Amino acid sequence: MKGIKIIFWTLWRVWFYVLMAIPILVMFPFLVLSILTEKGYPYFFKMARIWARFILFGMGFYYKVDKAQSLDSHKSYMIVANHTSMADIMLMLAVVKNPFVFVGKQELAKIPLFGFFYKRTCILVDRGCSKSRMEVFNQAQKRINRGLSVCIFPEGGVPDDESVLLDSFKDGAFRLAIEHQIPIVPITFGDNKKRLSYTFFSGSPGLMRVKIHKIVETKGKTGTDRKEIRDKVREIIYTQLLEFESDTLKMVTNS
């Protein structure tokens, strides 16, 4: 039985990368055209959402979104969420309609095909370089001026220990939000670690629960408020993760 599971997981993981490539190859000319100018980004974003849904559907994932508040299509936001899975990027694109750009680690730019578009559309950061971190602020300002939102996973990466429910938050997302006076949108992903974690021999098709929380305002806030806002947002996401776990336990108990 274990051998069958290993074969399934291996094929399933390979299938994930195949699914990543198929829509990029099909839409390649249109994707390239959309990144030639800044005005083309909203079209790129629409195609990125198609790409994301294609992958999620192809992997046997379906998502359920609970919105505490709808987002204004004419406003820019700082979008933050817990980070546990390779599918976090796809799920974020699938559930948030407002065009946004990711702030992400530059190592992902090395992924064949995906990396070509990633480094041309996202804000890349070398977390070990202070100059790179400062450049993020400049790049974020340009995107916000164009009416786009920014998405950051504030844990700064996926914890090596998968038993960690939610790692500590870095300051970057909250410094940016306060600096540019844009609201923060906390989002909780409830099942991504179970569905497709970074552990190779793991995962399964199934439900992905998403909670889009009420926005946290930063208008009138200053750098002295950063820690308070960071801790408040983390508490919102952490509390929801506990609620998701409790609901899962109830379903298992009742089944």
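The numbers attached to residues start from 1 for each chain and follow its sequence in the written order. Side-chain atom pairs in this predicted model are given and counted only at pLDDT of 80 or more, local residue features only at pLDDT of at least 70, and totals for whole chains, interfaces and linings cover all residues. Hydrogens and water molecules were not included; the side-chain quantities draw on all heavy atoms of the structure.

J.: I keep staring at empty space enclosed by the protein and nothing clicks. Help me out?
T.: Any empty space left between the atoms is revealed when a probe the size of a water molecule rolls over them. The method works on a 1 Å grid over the protein atoms by themselves. A cavity is a set of points holding a 1.4 Å probe that cannot get out, a pocket is an open set with protein on both sides within 12 Å along at least five of seven lines, and residues with an atom within 4 Å of a point line them. Grid points are joined across faces, edges and corners, and a volume is the space filled by probe spheres set on the points. If you walk through the whole model with that rule in mind, you get one cavity of 30 Å³ or more. Each pocket or cavity is described by its volume, and for the largest cavity that value is around 260 Å³. As for the largest cavity, its lining consists of 19 residues, and the residues nearest its centre are Phe 44, Ala 48, Trp 51, Phe 114 and Thr 121. A run of H or I in DSSP counts as a helix once it spans at least four residues, and a run of E counts as a strand once it spans at least two, with each numbered from the N terminus. Elements represented by at least two residues in the lining of the largest cavity include exactly α1 (2-34), α2 (41-58), α3 (88-95), β3 (100-105) and α4 (114-121). Classification convention: Asp, Glu, Lys, Arg as charged; Ala, Val, Leu, Ile, Met, Phe, Trp, Tyr, Cys, Pro as nonpolar; all other residues, Gly among them, as polar. Grouping the constituent residues of the lining of the largest cavity by class yields 18 nonpolar, one polar and no charged.

J.: What's the story with the side chain of Arg 13 in this structure? I'm lost.
T.: Assignment of secondary structure puts Arg 13 in helix α1. Accessible area is worked out with a 1.4 Å probe on protein chains only. A residue is then buried under 20% of its type maximum, exposed over 50%, and partly exposed in between. Only four residue types enter the tally: Lys and Arg on the positive side, Asp and Glu on the negative side; His and the chain ends are excluded. Salt bridges, as used here, are contacts in which a Lys or Arg side-chain nitrogen is within 4 Å of a carboxyl oxygen on Asp or Glu. Glu 162 is the oppositely charged side chain nearest to the buried, salt-bridge-free Arg 13, at an N-O distance of 7.1 Å. Polar contact is the term for a pair of N or O atoms within 3.5 Å; when the atoms are in protein, one must be able to donate a hydrogen and the other to accept it, and sequence-neighboring residues count only if both atoms are side-chain atoms. There is a polar contact of 2.8 Å between the side chain of Arg 13 and the backbone oxygen of Ser 197. Contact criterion: two residues are considered in contact whenever any of their non-hydrogen atoms come within 4.5 Å of each other. Every residue in contact with Arg 13, bar those within four places of it in the chain, is listed here: Met 86, Leu 196, Ser 197, Thr 199, Phe 200 and Ser 202.

J.: Teacher, can you tell me more about the nonpolar core here?
T.: By size, the foremost hydrophobic cluster in this structure holds 77 residues, and its most contacted members are Trp 51, Met 78, Met 92 and Ile 187. Looking at which element gives the most residues to this core, the answer is α2, with nine residues. Remark: nonpolar core denotes a set of buried residues (Ala, Val, Leu, Ile, Met, Phe, Trp, Tyr, Cys) joined through side-chain atoms within 4.5 Å.

J.: So what exactly am I meant to see when it comes to the pattern of salt bridges here?
T.: Oppositely charged side chains can form a pair if their charged atoms are brought close together. In the structure shown here, the tally under the stated rule is seven salt bridges. Ionic pairing is found between Asp 171 and Arg 226, a salt bridge with its closest N-O pair at 3.3 Å. Here Arg 226 lies in helix α8 (residues 226-254) and Asp 171 lies in the loop between β5 (149-152) and α6 (172-179), a separation of 55 residues in the sequence. Residue Arg 230 pairs with Asp 231 through a salt bridge whose shortest N-O separation is 3.2 Å.

J.: Sorry, what's going on with the sheet that holds strand β1 (residues 61-67) here?
T.: As a general point, the strands of a sheet are linked pairwise by backbone hydrogen bonds and lie either parallel or antiparallel. Two strands pair under a simple rule: DSSP has to find at least two bridges between them. The strand order across the open sheet built from seven strands is β1-β7-β6-β2-β5-β3-β4, with neighbouring strands paired in mixed fashion. Edge strands, defined here as strands with exactly one partner in the open sheet, are β1 and β4 (123-125). Within the sheet, the average angular offset between the axes of one strand and its neighbour, ignoring direction, is 25°. Pairing of strand β6 (residues 184-189) with strand β7 (residues 206-212), which is carried by three bridges, proceeds in the antiparallel orientation. Following the sheet pairing, Thr 188 is matched in β7 by Lys 211. Convention adopted: a line fitted to C-alpha atoms gives each axis, helices being fitted over their contacting stretch, and angles between N-to-C directions are expressed from 0 to 180 degrees. The sheet strands contacting α3 are β1, β2 (78-81), β3, β5, β6 and β7, and the helix crosses β3 at an angle near 170°. With respect to the sheet, α6 is in contact with β2, β5 and β6, its orientation differing from that of β2 by roughly 160°.

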